Amino acid sequence: KKSVVDAQIPKTSTIESTVYFDNTGNFHIDYIKDGKNFLTRIYNRYELWEYYPQNKIAKKIDIEMANRVKEKVIFLNAVDQLNLNTVRIVSGETIDNEECIVLIQDNTKLWVSKQSWIVKKKEIKDKNGNEWIVLYKEIEVNPIIGDGIFRFEVTKEIKVINTVNK
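One numbering rule holds for all chains: residues counted from 1, following each sequence as written. Residue-level local features of this predicted model are given only where pLDDT is at least 70; pairs of side-chain atoms are given and counted only at 80 or more, and the full residue set underlies all totals for whole chains, interfaces and linings. Water and hydrogen atoms play no part in the side-chain values, which are based on all heavy atoms of the structure.

**Student:** Summarise the packing of aromatic side chains; cite the residues concerned and give the values.
**Tutor:** Side-chain rings of Phe, Tyr and Trp (the six-membered ring for Trp) are treated as a pair once their centres are within 6.5 Å; stacked means planes under 30 degrees apart, edge-to-face means over 60, and tilted covers the remaining angles. Within this structure, the stated rule accounts for 4 aromatic pairs. Ring centres of Phe 27 and Tyr 43 lie 5.5 Å apart, and the angle between their planes is 20°; this geometry places the pair in the stacked category. Within this pair, whereas Phe 27 is found in strand S2 (residues 27-33), its partner Tyr 43 is found in strand S3 (residues 36-43), the two being separated by 16 residues in sequence. Across this residue pair, the class does not change: Phe 27 and Tyr 43 are buried. In textbook terms, an aromatic cluster arises when at least three aromatic residues are bridged by ring pairs, as seen for Trp 49, Tyr 51 and Phe 152. By definition, being over a ring means that NZ of Lys or CZ of Arg is both within 6 Å of the ring centre and within 35 degrees of the ring normal. Geometry around Trp 111 places Lys 121 over its ring, the cationic atom sitting 4.5 Å from the centre. Each helix is a run of H or I in the DSSP string that is no shorter than four residues. Each strand is a run of E no shorter than two, and both are numbered from the N terminus. Accessibility here uses a 1.4 Å probe with only protein chains present; expressed as a share of the type maximum, an area under 20% marks a residue as buried, one over 50% as exposed, and anything in between as partly exposed.

Listed below in structure tokens is the structure:
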């Protein structure tokens, strides 16, 4: 028996995200790679769902774990996760016609708009040497969106994996 999988894992991945959030901390994020949505995360103060549309699998995440995830994924709080005593600030570049500064700490780089102070780009290198690049584009502040965007509807073709502690 051979249990080794022969696979090539790219060292660099570029992911685009469509992000919706409100002032209460609810969020909806669609992660897009190569033009396809591969993951949706929806958090609404009561539950966190992760949905993998290609496999039609959804995970309902324990609310305590959801709160820990929430702290890491809301991009407006990304700067708060840095230790400002050890962060390096370097001259930036322009992203989507906005001049940015670059904050660097350990294996994380954040491009922050000088105009809006919103993170426009994030690069992370993990311990395996993989580089993750997240670009935040077409950001709209205070658009009108319906409450339904923060709810996940389970349809009959979706397999649910429940990770909630009982």
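The rest of the description comes next.
**Student:** With reference to specific residues and values, describe the pairing of strand S4 (residues 48-52).
**Tutor:** The buried count for S4 comes to 4 of 5 residues, which makes it a mostly enclosed element. At least two bridges found by DSSP between two strands is the condition for calling them paired. In the sheet, S4 pairs with strand S5 (residues 57-61) via 5 bridges, with the strands oriented antiparallel. By the bridge assignment for S5, Leu 48 is matched with Ile 61. Between the end of S4 and the start of S5, which pair antiparallel, lie 4 residues, with Lys 56 showing a positive phi angle near 55°.

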